[in-house]
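# Coordinate analysis (summary)
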Amino acid sequence: MPKVLSINGTLLFPPARKTIVAAAGLIRRGGLVAFPTETVYGLGADATAGRAVARIFEAKGRPPGKPLIVHVADPGQVRQVTASLPGEALELMHRFWPGPLSLVLPRSAELPPEVSAGLSTVAVRMPAHPVALGLIRAAGVPLAAPSANRSGRLSPTEARHVLEELAGRIEAVLDGGPCTVGVESTVLDLSGARPLILRSGAITRAQLEKALGTEIGCAVKGAGGALSVAPGLHCHRSFLRTPLILVTGPRKRRRALLGALTAGYRRRGFRVGVLPAPPGGRRLAGALFASLRRLDRGALDLILAEGFSPRGVGETVLHRLRQAAVRIIKA
Ligand code: TXA
Ligand code: MG
């Protein structure tokens, strides 16, 4: 067994065959194990054990009305937790799995009600991460897993973020390094008459429309700041401790305003942190949220964030910044 640290009683497992098997044993005994996925770290429990799932809500301080996503290791496992699979689901699973797309489908009667907070549907996804897939396979059961943060906080993209919030409340964390995508999965409801995006995320609406060849309704406006209808998301507060002001507008003007605001606040004695626009590329979201978390943990009075022209997943990232902002100033 590789060296395993214990932090407040929570084990920190390096990723290896033996530690994954040990973590799977904890899951089978009703334990909670945080694990890496390509999006963010998840807090996993045996989805077939109501008592284990209930412990997730306790550990996170999660409101009881907010359902969890069930993680599977192969598309076949979806049949264990759902009552039916529409053709659209099969098509999207084929196209986007493993990957950051969660599908809301009619739930199986066998699934404990805690998983989907009493709803008649269940959200499922197959993560694109070898440690996550290894853990689900070794456990031999699907894993119910929300993001591994305390309720209302930013989703963790590194094992140490998980420990900062949940050490002493969960059995173990499997450390898989930083998550590459950094923004949560897109939640698509396929249980109604028409597909509906309940949470915008790493897979864009355009990608889904292209795959299905139809228009897809959106319960969340990409960048407009409208509220989501995904249960538990409708009353959002900021996931940050530190107030954040977002500066938008054309690049040159917003840079100038950002500089002026920073200097102005600092002159008045405020401790100001600046979050510049991300350089782009695939790691955009992960890197941006990691910097934001660092700033939020520092002893600052204010974070000034620079807006950017969103492309692809950048739209979701900007949407999250807008949601978190106490003020949005257009340059
Ligand atoms: O990328 C992700 O999705 C990460 C990783 C760990 O997989 N998980 C995640 O889980 O972000 P969580 O619990 O933080 O967010 C799940 C979202 C919530 O907004 C919840 O309301 C929605 O999915 N959801 C889950 N089950 C649902 C259902 N049956 N109907 C409607 N919305 C559902
Ligand atoms: Mg979450």
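Whatever comes next refers back to the structure up there.
What counts, and where the lines are drawn
- Residues numbered from 1 in each chain as written.
- Chains lettered and ligands numbered in written order.
- Predicted model: local features only at pLDDT ≥ 70, side-chain atom pairs only at ≥ 80, totals over all residues.
- Heavy atoms only, no water.
- Pairing = 2+ DSSP bridges.
- Helix = DSSP H or I, 4+ residues; strand = E, 2+ residues; numbered from the N terminus.
- Contact = heavy atoms within 4.5 Å.
- Axes fitted to C-alpha atoms, helices over the stretch in contact; angles between N-to-C directions.
- Parallel < 35°, antiparallel > 145°, perpendicular 65-115°, else oblique.
- Left-handed = near helix turned anticlockwise from the far one by under 90°.
- Nonpolar A, V, L, I, M, F, W, Y, C, P; charged D, E, K, R; others polar.
- Buried < 20%, exposed > 50% of the residue type's maximum accessible area, 1.4 Å probe, protein only.
- Lys, Arg positive; Asp, Glu negative; His and termini not counted.
- Salt bridge = Lys/Arg side-chain N within 4 Å of Asp/Glu carboxyl O.
- Polar contact = N/O pair within 3.5 Å; in protein donor to acceptor, adjacent residues only side chain to side chain.

## Concerning the sheet that holds strand S4 (residues 42–46)
- The strand order across the open sheet formed by twelve strands is S1-S2-S9-S3-S4-S8-S5-S7-S6-S10-S11-S12, and the pairing between neighbours is mixed. The sheet is open, and its two borders are formed by strand S1 (5–7) and strand S12 (217–218), each paired with just one other strand.
- With three bridges joining them, strand S10 (residues 186–189) and strand S11 (residues 196–199) adopt antiparallel strand pairing. Residue pairing for S11: Val-187 is matched across the bridge by Arg-199.
- Helix-sheet contacts for helix H2 (residues 50–60) involve S4 and strand S8 (143–144), and the interaxial angle to S4 is about 150 degrees.
- This element, helix H6 (residues 159–166), spans S1, strand S2 (10–13), strand S3 (33–35), S4 and strand S9 (172–174) of the sheet and lies at about 180 degrees to S2.

## What to know about the packing of helix H4 (residues 87–96) against helix H7 (residues 205–212)
- Put simply, H4 and H7 touch, their axes get as near as 10 Å, and they point 120 degrees apart. When the axis of H4 is compared with that of H7, the two are oblique. The two elements H4 and H7 cross, and the hand of that crossing is right-handed. Judged by residue contacts, Glu-88, Glu-91, Leu-92, Arg-95 and Phe-96 of H4 engage Gln-207, Leu-208, Ala-211 and Leu-212 from H7.
- Considered class by class, the residues forming the contact of H4 with H7 number five nonpolar, one polar and three charged.

## Describing the side chain of Asp-189
- Mapped onto the fold, Asp-189 is located in strand S10.
- Within the buried core, Asp-189 has no salt-bridge partner, and the shortest N-O distance to an opposite charge, that of Arg-194, equals 13 Å.
- Reaching out from Asp-189, the side chain makes a polar contact with the side chain of Ser-191 at a distance of 2.6 Å.

## Some words on unusual backbone geometry
- Omega for the bond connecting Trp-97 with Pro-98 falls within 30 degrees of zero, at -5 degrees, which places this linkage in the cis form.
- Inspection of the secondary structure assignment puts Pro-98 in the loop between H4 and strand S6 (101–106).
- Positioned with a positive phi, Asn-8 is a non-glycine residue whose angle comes to about 50 degrees.
- Within the secondary structure, Asn-8 is located in the loop between S1 and S2.
- Here Asn-8 falls in the exposed class, since its relative accessible area comes to 63%.
- Despite not being glycine, Ala-117 shows a phi value in the positive range, around 50 degrees.
- Along the polypeptide, Ala-117 turns up in the loop between S6 and strand S7 (121–125).
- On the accessibility criterion, Ala-117 (23% relative accessible area) is partly exposed.

## Concerning the sheet that holds strand S14 (residues 272–275)
- Taken together, the four strands give an open sheet; going across it, the order is S14-S15-S13-S16, and neighbouring strands pair in parallel fashion. Every other strand in the sheet has two partners, leaving S14 and strand S16 (327–330) as the edge strands with one partner each. Sheet twist, expressed as the mean angle between neighbouring strand axes with direction ignored, is 20 degrees.
- With four bridges joining them, strand S13 (residues 244–248) and S16 adopt parallel strand pairing. Residue pairing in the sheet places Ile-245 in a bridge with Arg-327 of S16.
- Lying on the sheet, helix H8 (residues 251–267) is in contact with S13, S14, strand S15 (302–306) and S16; it crosses S15 at an angle near 170 degrees.
- Docked against the sheet, helix H10 (residues 314–324) engages S13, S14 and S16, running at close to 130 degrees with respect to S13.

As far as function goes, none of this settles anything; it's purely spatial.
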